[in-house]
Amino acid sequence: LIAAARDLEARCGGLDTIVLFGVSMGGNASGLAVAAQPTRNDGSTPLFDWWFNLEGATNVIETYQGARVLAPANTFAANARADIEAEMGGTFEEVPEVYAEHAVVNRVDDIAASGVKGVHMAHAAEDGLVPINQSVELDALLTEAGVPSILDVFTTRDGGEGGTTLSGYSGQDVSPLAGHATETSTTHVVMRAGFDRLAELLEEDAPLCQGRRLHGGPVTARLGC
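Not measured: the values here are computed from a predicted model. Residue indices follow the written sequence of each chain, beginning from 1 at its first position. Owing to the predicted nature of the model, reporting of local features is limited to residues with pLDDT of at least 70; listing and counting of side-chain atom pairs is limited to 80 or more, with chain, interface and lining totals taken over all residues. Only hydrogens and water are removed before side-chain values are computed, so all heavy atoms of the structure are retained for them.

Draft legend 1. Structural context of the overall build of the protein. Where helices and strands are cited, they refer to DSSP runs of H or I of at least four residues and of E of at least two residues respectively, numbered from the N terminus. Counting its secondary structure elements, the protein contains eight helices and six strands. Beginning at the N terminus, the succession of helices and strands in the protein can be written as α-β-α-β-α-α-α-α-β-α-β-α-β-β. The globule rule puts the C-alpha radius of gyration for 225 residues at 17 Å, and the 18 Å found for the protein is close to it. In terms of overall dimensions, the protein has C-alpha extents of about 55 × 50 × 35 Å along its principal axes. Any two residues whose heavy atoms approach within 4.5 Å are treated as being in contact. In the protein, the proportion of contacts linking residues at least 24 apart, taken out of those at least 6 apart, comes to 69%. Per element, the accessible surface of the protein, about 10,800 Å² overall, is 54% carbon and sulfur. Under the counting rule used here, the positive set is Lys and Arg, the negative set is Asp and Glu, and His together with the chain ends is not counted. Each charge is placed at NZ for Lys, CZ for Arg, CG for Asp and CD for Glu. One finds the centroid of the 13 positive side-chain charges in the protein at a distance of 3 Å from the centroid of its 31 negative side-chain charges. Radius of gyration: over C-alpha atoms. The globule rule applied is 2.2 Å multiplied by the number of residues raised to the 0.38 power. Methods summary: accessible areas were calculated by the Shrake-Rupley approach with a probe of 1.4 Å, and residue burial reflects only the protein chains presented.

Structural data, given as structure tokens:
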């Protein structure tokens with residue numbers, strides 16, 4: 001991610017704003033890229049001006065432990081466990097320090113030191129793949145570290161597809177609630193929120209409003225924002 005952003009900057013002869021946009025597992029990769037504190041090609045300013053973390057898996061330890069529990073009965077979880085162990089170089093018991101280093105929630109001080117101007121997050125409360133607590137935890141840590149952060153929490157589908165929901169695992173085929181979105185979606189409420197905020201940022205130069213916003217149907221509750 002860092003190499004790609006620097007290459008793009010060089011090819012374009014410089015860029016005013018670079019936004020790192022991560023979705024789902026991309027929340028892990030993009031968060032670690034910001035935590036690495038990269039600079040522009042000339043070394044003068046931070047490489048990434050803003051970080052968008054949509055329904056991001058930002059606690060690899062929790063994700064791994066969950067996959068390990070489900071692995072005996074779920075092929076997807078078993079593959080996830082194997083992939084994480086291969087990337088980390090062993091099980092959590094064998095290399096706990098590697099897991100800790102790659103958990104974005106443990107790298108908030110590094111993110112704060114990166115110079116990033118702010119972080120936008122969006123997550124569905126009924127997300128059945130990446131629990132919303134990961135975004136809630138990260139939002140609280142970023143706020144404590146002085147990094148401007150906003151978290152949009154969605155309950156209902158609001159006309160878009162539902163995605164993977166917690167209630168879906170119990171056999172409920174059609175749910176009015178929003179779940180985990182695919183990054184290719186342009187109609188899921190989480191992805192729409194990310195794209196809308198990105199447009200506001202780039203087209204209107206609108207600053208991030210700190211705090212949390214709860215969205216459910218026609219009602220939006222602003223919590224500390």
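After that view, the rundown keeps rolling.
Draft legend 2. The arrangement of the environment of Glu97 in detail. By secondary structure assignment, the location of Glu97 is in helix α5 (residues 96-101). Glu97 sits 85 residues away from Thr182 along the chain, and the two C-alpha atoms are 31 Å apart.

Draft legend 3. Here's a closer look at the pairing of strand β3 (residues 118-124). Accessible area is worked out with a 1.4 Å probe on protein chains only. A residue is then buried under 20% of its type maximum, exposed over 50%, and partly exposed in between. Of all the seven residues making up β3, seven are buried; the element is thus mostly covered by neighbouring parts of the structure. Where burial is concerned, the two faces of β3 agree: the one with Gly118, His120, Ala122 and Ala124 and the one with Val119, Met121 and His123 are both buried. Judged from the six bridges that link them, β3 and strand β4 (residues 149-154) form a sheet pairing that is parallel. Note that in β4 the partner of Val119 across the bridge is Ser149. A crossover connection joins β3 to the parallel β4 through helix α7 (residues 133-144); in handedness this β-α-β unit is right-handed. Whether two strands pair depends on DSSP finding at least two bridges between them. The handedness rule is simple: strands pointing away from the viewer, and a clockwise path from the first strand over the helix to the second, make the crossover right-handed.

Draft legend 4. Fine view of the pattern of salt bridges. When a carboxyl oxygen of Asp or Glu is within 4 Å of a side-chain nitrogen of Lys or Arg, the pair counts as a salt bridge. Enumeration over the complete set of coordinates arrives at nine salt bridges. For Arg40, the salt bridge is made with Glu9, and the minimal N-O distance between the two is 3.7 Å. Highlighted residues: Arg40 in the loop between α2 (26-35) and β2 (50-54) and Glu9 in helix α1 (residues 2-11), separated in sequence by 31 residues. Of the two residues examined, Arg40 and Glu9, each falls in the buried class. A salt bridge links Arg212 to Asp139; the shortest N-O distance between them is 2.7 Å. Here Asp139 lies in helix α7 and Arg212 lies in strand β5 (residues 211-216), a separation of 73 residues in the sequence. Judged by relative accessible area, Arg212 falls into the partly exposed class, the value being 28%. With relative accessibility at 3%, the residue Asp139 sits in the buried group.

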